[in-house]
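Residue-level structure breakdown
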Amino acid sequence: MLKKIEQRQTRKSDVIEKIKASRLELSRLETQIKEAGLPVIITFDGWSAAGKGSLISQVIKALDPRFFEVVSVRNPSDTDRRKPWMYRFWRAIPMKGRFTIYDRSWYHDSLNAMMYDGLGKKAYKRRLSDIATFERQLTDDGYLIIKIFLHITEEEQKKRIKKLEGSKVTAWRVDDKDRYNLKHYDEFLETYDDQIKSTNYDYAPWSVIGANEKTSAVLDIYEVIIGSIKGALEAKKDKKKYIPKAQFETVSPALEGFNSVQVPKLKDVDLNKSLTDEEYEEQLDKYQEKLFKLQNLCYQKKLPVIVCYEGWDAGGKGGNIKRLAAALDPRGYEVKPIAAPEPSELARHYLWRFWNRLENDGHFTIFDRTWYGRVMVEPIEGLTPKDRVDQAYREINEFEAQLAEWGAVIVKFWINIDKDEQLRRFTERQNTPEKQWKITDEDWRNREKWDIYEEYIDRMTELTSTENAPWVIIEGNDKKYARIKALKTVIKRIEEALDKK
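All of these numbers come straight from a predicted model, not from anything done at the bench.

Along its length, the protein chain carries 20 helices and 10 strands. Projected onto its principal axes, the C-alpha coordinates of the protein chain cover approximately 85 × 50 × 40 Å. Element-wise, carbon and sulfur atoms account for 47% of the exposed surface of the protein chain, whose accessible area totals about 24,400 Å². Of note, the protein chain has its 89 positive side-chain charges centred 5 Å away from the centre of its 84 negative side-chain charges.

With respect to the helices and strands, the residue His-349 is situated in the loop between helix H13 (343–346) and helix H14 (352–355). On the basis of relative accessibility, which here comes to 0%, the residue His-349 falls in the buried class. If we ignore the near neighbours within four places in the chain, the residues touching His-349 are Trp-90, Ile-93, Gln-137, Leu-138, Asp-141, Tyr-143, Arg-388 and Glu-395.

Here strand S6 (residues 305–311) lies mainly inside the structure; seven of its seven residues are buried. Of the two faces of S6, both are covered, the one formed by Val-305, Val-307, Tyr-309 and Gly-311 as well as the one formed by Ile-306, Cys-308 and Glu-310. With seven bridges connecting them, S6 and strand S9 (residues 409–416) associate as parallel partners. Bridging across to S9, Cys-308 finds its partner in Lys-412.

All right, on to the sheet that holds strand S10 (residues 471–475) then. Spatial strand order, S7-S8-S6-S9-S10: five strands in an open sheet with parallel pairing. A strand with exactly one partner marks an edge of an open sheet, and here the two such strands are strand S7 (333–337) and S10. Within the sheet, the average angular offset between the axes of one strand and its neighbour, ignoring direction, is 20°. Pairing of S9 with S10 involves five bridges; the strand directions are parallel. Following the sheet pairing, Asn-416 is matched in S10 by Glu-475. Against the sheet, helix H16 (residues 386–406) touches S6 and S9, its axis set at about 135° to S9. Its contacts with the sheet place helix H19 (residues 450–464) against S9 and S10, and it is angled at close to 140° to S10.

Judged by pairing direction, the sheet is parallel, and its five strands sit side by side in the order S2-S3-S1-S4-S5 without closing on themselves. The sheet is open, and its two borders are formed by strand S2 (68–72) and strand S5 (206–210), each paired with just one other strand. Pairs of neighbouring strands in the sheet enclose a mean axial angle of 20°, with direction left out of account. One ladder, built from five bridges, connects strand S1 (residues 40–46) with strand S3 (residues 99–103); its direction is parallel. In the strand pairing of S3, Phe-44 is matched with Asp-103. The sheet contacts of helix H5 (residues 106–115) involve S1, S3, strand S4 (144–151) and S5, and relative to S1 the element is tilted by about 35°. Helix H9 (residues 185–198) rests against S1, S4 and S5 of the sheet, and its axis sits at about 160° to S4.

The backbone of Ala-49 sits at a positive phi, close to 70°, despite the residue not being glycine. If you check the backbone angles, Lys-302 has positive phi at about 55° while not being a glycine. Turning to its location among the elements, Lys-302 is positioned in the loop between helix H11 (277–301) and S6.

What follows deals with the pattern of salt bridges. Any two side chains of opposite charge can pair, so long as their charged atoms come close to each other. Applying the stated criterion to the full structure yields 43 salt bridges. One salt bridge connects Asp-140 with Lys-241, and the closest N-O pair in it is separated by 2.6 Å. Placement of Asp-140 in helix H6 (residues 121–140) and of Lys-241 in the loop between helix H10 (214–237) and H11 is noted, with a sequence separation of 101 residues between them. Residue class for Asp-140 comes out buried when judged on its relative accessible area of 18%. Across the pair Arg-179 and Asp-176 runs a salt bridge, and its minimum N-O distance is 3.0 Å.

Our focus in this paragraph is the packing of aromatic side chains. Counted by the stated rule, this structure contains 29 aromatic pairs. Ring centres 6.3 Å apart and planes at 80° place the aromatic pair Phe-149 and Trp-206 in the edge-to-face group. Placement of the pair is Phe-149 in strand S4 and Trp-206 in strand S5, with a sequence separation of 57 residues. The pair Phe-149 / Trp-206 is uniform in exposure class, with both members buried. Judged by centre distance (6.1 Å) and plane angle (80°), the rings of Tyr-180 and Phe-188 are edge-to-face. Judged by relative accessible area, which is 0%, Phe-188 ranks as buried. The ring of Phe-67 has Lys-34 lying over it, and the distance from NZ or CZ to the ring centre is 4.1 Å. The ring of Trp-85 has Arg-127 lying over it, and the distance from NZ or CZ to the ring centre is 4.3 Å.

Cut-offs applied
Counting from 1, residues in each chain are numbered in the order their sequence is written. Totals for whole chains, interfaces and linings use all residues, but because this is a predicted model, local features are given only for residues with pLDDT of at least 70 and pairs of side-chain atoms are given and counted only at 80 or more. Water and hydrogen atoms play no part in the side-chain values, which are based on all heavy atoms of the structure. Secondary structure is summarised from DSSP: a helix means a run of H or I of at least four residues, a strand means a run of E of at least two, and numbering begins at the N terminus for each. For the area figures, the Shrake-Rupley method with a 1.4 Å probe applies, and any residue is considered shielded solely by the protein chains shown. Just so you know, the count uses Lys and Arg for positive and Asp and Glu for negative, and it drops His and the chain ends. To locate a charge, take atom NZ for lysine, CZ for arginine, CG for aspartate or CD for glutamate. Per-residue accessibility, obtained with a 1.4 Å probe over protein chains only, is compared with the maximum for each type, and a residue is labelled buried under 20%, exposed over 50%, and partly exposed between these values. Any two residues whose heavy atoms approach within 4.5 Å at even a single point are treated as in contact. Pairing between two strands requires that DSSP report at least two bridges joining them. To define axes, lines are fitted to C-alpha atoms, for helices over the stretch in contact only, and angles between the resulting N-to-C directions are given on a 0 to 180 degree scale. Each reported salt bridge corresponds to a side-chain nitrogen of Lys or Arg within 4 Å of a carboxyl oxygen of Asp or Glu. Pairing of aromatic rings covers Phe, Tyr and the six-membered ring of Trp, with a centre-to-centre limit of 6.5 Å; geometry is then stacked below 30 degrees between planes, edge-to-face above 60, and tilted otherwise. We call a charge positioned over a ring when the NZ of a Lys or the CZ of an Arg lies within 6 Å of the ring centre and within 35 degrees of the ring normal.

Next comes the structure, spelled out in structure tokens:
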């Protein structure tokens, strides 16, 4: 594929007016992007010394600096290495109406890990699967992804590296990886070819640009970006998903399957379970002490633990979380209360704010409500279109699969109470001055939709209870019983994971 890419030779004087016109057109399109709320991601990958930095500089001349960010992807930091590998790319996705331009991307990160750092081929293929998921999830959400690969010949690369090394001003820009890239040009050529072919998705195809001559490359890049943006804006106007024109034959990655774990419907859960005060106090001390010891092992083994709480209003999530957290060293956990999204969160893919809240490996992340609002509250309140809600079940399973791939223990609780118990707790809150802040008009409105919520909850647990992240229904009419069951469940899941380490 790459060997067939044309390397044009164009005099600057012949195309300078076209470049100026393209720059003006992109500048005008930027206004339309802001008005339409179109988020745009542009990635620049390619050979060492292919001119990524200088060509990005040409592109951004057309853009308002308030509405784009250039992200330079180099070796992951120590913090990056303690997160899921896609974490740093998710964090950098743009808000609606803005650009993120990557100087090297997730492709460079993965290929470098294989070629230089010993990442095995199986792990590399797993990464490509994660990338396919990432790009599909974003484009399904209305993002435009423009992937550019800058191709230069071996002779041109050799000339450029020699020129850079020959000047004291630029010699620092050449490192051992650049020299290795040149020395093993044929091997990299084959690897780049395979990567481009296998990731040339119909929703995010590659544009390979012959970059031996930089002037013609600038014009070609502008044409790709402008054409893609025009097409995406037109599709958005027509309320259709944009399918870009592809330079090469595209591929459709296989969708991953998930092994389901059966969960009972809420109406079938026996809520007549309880503990005496004496049983509760004895077991609380026992299991909190045990969890504290396990937390130390998790830290030593760098095992991340993610505990997710969902449940009915007044179900007892707060008290349950309090007893779980009380067992832990406060330096090793964070509780993440999830409320209605902030404007900056609404302006991005809904999973962005959850990727952002993940703690380092070896730590506990405890979510008080989670990403499952996407398939409960949002469709019931008419906040999200049905097609996006239907897609969210898969997206959530994929998200949790990537967390499990990172090594995380994922524990998901639905705290279940019956309608009479909820009414009793609502009434108690309303009649107790120090608890009145806990009850709102929205709680009473949600109660009126009990049957609708139950239907959505049953569907949620059925479609998202997987081996990676099974749902656990907590019988919550008795708060003491619910707290002990949660502690025992977390302990059991951690012990199982440590046994595999």
